[in-house]
Amino acid sequence: QVQLVESGGGLVQAGGSLRLSCAASGRTSSVYAMGWFRQAPGKEREFIAAITWSGSNAFYVDSVKGRFAISRDNAKNAVFLQMNSLKPEDTAIYYCAARSVYTWDFWGQGTQVTVSS
């Protein structure tokens, strides 16, 4: 099993920045990629960004391109999400996730990000 713990959420004004962290533990040798999802009140959970573990390929949803950046630290089994130029519509619970080659298998508990206007 893989355990994921997110941190770094909080309250920030529009235009500000936050950096989310996710620490992985357990059987991390099976992880192919790690990523971030978010869920706003009353809305569906959506994919935000992902990065492969053995390469440098990164993927982003169109709404965050140019504002968010995902990165990794393999030695620390950690993944990060740098969020800049935050907007009120970015307010959501952000979840770290890890996947095998096939599916997203493991999820963190979530961290709240609130962007005020």
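One can find the structure itself at the top, above this paragraph.
The following paragraphs examine the structure supplied in this document.

Quick look at the packing of aromatic side chains now. Following the criterion strictly, the structure yields three aromatic pairs and no others. Each ring, one from Phe 37 and one from Phe 47, has its centre 5.6 Å from the other, and the planes form 75°; the classification is edge-to-face. Linking Phe 37 in strand 4 (residues 33-39) with Phe 47 in strand 5 (residues 46-52), this pair joins segments that are 10 residues apart in sequence. Under the relative-accessibility criterion, Phe 47 is labelled partly exposed at 28%. By the ring-pair criterion, three or more aromatic residues cluster together here, those being Phe 37, Phe 47, Trp 104 and Trp 107. Its guanidinium or amino end placed over the ring of Tyr 95, Arg 45 lies 4.0 Å from that ring's centre, counting from NZ or CZ. Over the ring of Trp 107 we find Arg 45, and its NZ or CZ is 4.9 Å from the ring centre.

Counted by the stated rule, this structure contains one disulfide. Here Cys 22 engages in a disulfide with Cys 96; their sulfurs sit 2.0 Å apart. The sign of the -80° torsion about the S-S bond sets the Cys 22-Cys 96 disulfide as left-handed. Here Cys 22, found in strand 3 (residues 18-26), pairs with Cys 96, found in strand 9 (residues 92-99); they are 74 residues apart in sequence, far enough to count as distant. When sorted by exposure, Cys 22 lands in the same class as Cys 96, which is buried.

Quick look at the environment of Gly 10 now. As for its placement among the helices and strands, Gly 10 is situated in strand 2 (residues 10-13). For Gly 10 and Thr 91, which are 81 residues apart along the polypeptide, the C-alpha to C-alpha distance reads 10.0 Å. Excluding anything up to four places from it in sequence, Gly 10 contacts Leu 18, Gln 112, Val 113 and Thr 114.

With that out of the way, let us pick up unusual backbone geometry. Backbone geometry at Asn 77 places phi at a positive 50°, although glycine is not the residue there. For Asn 77, the position within the fold is in the loop between strand 7 (68-73) and strand 8 (78-83). The partly exposed category is assigned to Asn 77, whose relative accessible area is 24%. Positive phi, close to 50°, is recorded for Ser 85, a residue that is not glycine. With respect to the secondary-structure elements, Ser 85 resides in the loop between strand 8 and strand 9.

Once that is clear, we can look at the pairing of strand 8. Burial within strand 8 is extensive, with five of its six residues counted as buried. Relative to strand 8, strand 3 is paired through six bridges, and the arrangement is antiparallel. When the sheet's bridge partners are listed, Leu 18 is paired in strand 8 with Met 83. By the bridge criterion, six bridges tie strand 7 to strand 8 in an arrangement that is antiparallel.

About the cut-offs
Residues numbered from 1 in each chain as written. Predicted model: local features only at pLDDT ≥ 70, side-chain atom pairs only at ≥ 80, totals over all residues. Heavy atoms only, no water. Phe/Tyr/Trp six-rings, centres within 6.5 Å; stacked < 30°, edge-to-face > 60°. Helix = DSSP H or I, 4+ residues; strand = E, 2+ residues; numbered from the N terminus. Buried < 20%, exposed > 50% of the residue type's maximum accessible area, 1.4 Å probe, protein only. Lys NZ or Arg CZ within 6 Å of the ring centre and 35° of its normal. Disulfide = S-S within 2.5 Å. Contact = heavy atoms within 4.5 Å. Pairing = 2+ DSSP bridges.

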